[in-house]
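# Coordinates in review
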Amino acid sequence: MSFVMYSTSWCGYCKRLKSQLGELGVTFEEINIEEVPGTAEIVEKVNGGNRTVPTLVFSDGSAMTNPSAKEVVAKLASL
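Residues numbered from 1 in each chain as written. Predicted model: local features only at pLDDT ≥ 70, side-chain atom pairs only at ≥ 80, totals over all residues. Heavy atoms only, no water.

By size, the foremost hydrophobic cluster in this structure holds 10 residues: Phe3, Met5, Leu17, Leu21, Val26, Phe28, Leu56, Phe58, Ala69 and Val72. Among the elements of the structure, strand S1 (3-7), helix H1 (12-23), strand S3 (55-58) and helix H3 (69-78) are those that each provide at least two residues to this core. The residues touching Leu17, leaving out its near neighbours within four places in the chain, are Met5, Pro54, Leu56, Pro67, Ser68, Ala69 and Val72. Core analysis: the second largest hydrophobic core is formed by 9 residues, Val4, Tyr6, Cys14 and Val43 among them. (Core = buried A, V, L, I, M, F, W, Y, C linked by side-chain atoms within 4.5 Å. Buried < 20%, exposed > 50% of the residue type's maximum accessible area, 1.4 Å probe, protein only. Helix = DSSP H or I, 4+ residues; strand = E, 2+ residues; numbered from the N terminus. Contact = heavy atoms within 4.5 Å.)

Right, let's get into the sheet that holds S1. Pairing in this open sheet of 4 strands is mixed, and the strands run S2-S1-S3-S4 from one edge to the other. Strands with a single pairing partner mark the edges of an open sheet, and in this sheet they are strand S2 (29-32) and strand S4 (63-65). Across this sheet, the average inter-strand angle for adjacent strands is 20°, counted without regard to direction. The pairing of S3 with S4 spans 3 bridges and is classified as antiparallel. Paired with Leu56 across the two strands is Met64, which belongs to S4. Against the sheet, H3 engages S1, S3 and S4, with an angle of about 10° to S3. (Pairing = 2+ DSSP bridges. Axes fitted to C-alpha atoms, helices over the stretch in contact; angles between N-to-C directions.)

Looking now at the side chain of Asn47. Position of Asn47 among the secondary structure elements: in the loop between helix H2 (39-46) and S3. You can call Asn47 buried: its relative accessible area is 14%. In this structure the side chain of Asn47 is engaged in a polar contact, spanning 2.4 Å, whose partner is the side chain of Thr65. (Polar contact = N/O pair within 3.5 Å; in protein donor to acceptor, adjacent residues only side chain to side chain.)

Right, let's get into the packing of aromatic side chains. Under the definition given, this model contains 2 aromatic pairs. An angle of 15° between the planes, with centres 5.2 Å apart, marks the rings of Phe3 and Phe28 as stacked. In this pair, Phe3 is assigned in strand S1 and Phe28 in the loop between H1 and S2, connecting sequence segments 25 residues apart. Ring centres of Phe3 and Phe58 lie 5.4 Å apart, and the angle between their planes is 45°; on these two criteria the pair is classed as tilted. Residue Phe3 is found in strand S1, and its partner Phe58 is found in strand S3; the two are separated by 55 residues along the sequence. By way of ring pairs, the aromatic residues Phe3, Phe28 and Phe58 are connected into one cluster. The positively charged end of Lys75 is found above the aromatic ring belonging to Phe58, 5.8 Å away from the centroid. (Phe/Tyr/Trp six-rings, centres within 6.5 Å; stacked < 30°, edge-to-face > 60°. Lys NZ or Arg CZ within 6 Å of the ring centre and 35° of its normal.)

Treat this as a map of the structure, not an account of what it does.
Next comes the structure, spelled out in structure tokens:
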């Protein structure tokens, strides 16, 4: 895995990004912040106190909030 996607089950932006990445064959770990204790705090830390999803945290420690599939693919290519 090159990144973890923090999401919620009701987030339309999360669903769209997951679908787009799936079409591109990009695999990742997904964590629902409403189901896994402590993960909402990770998202808040990355986003200046906000629980904004989707938040992606990459293997190099960098993060993206609500990126496009194109931005994710470009980031993965740079890792």
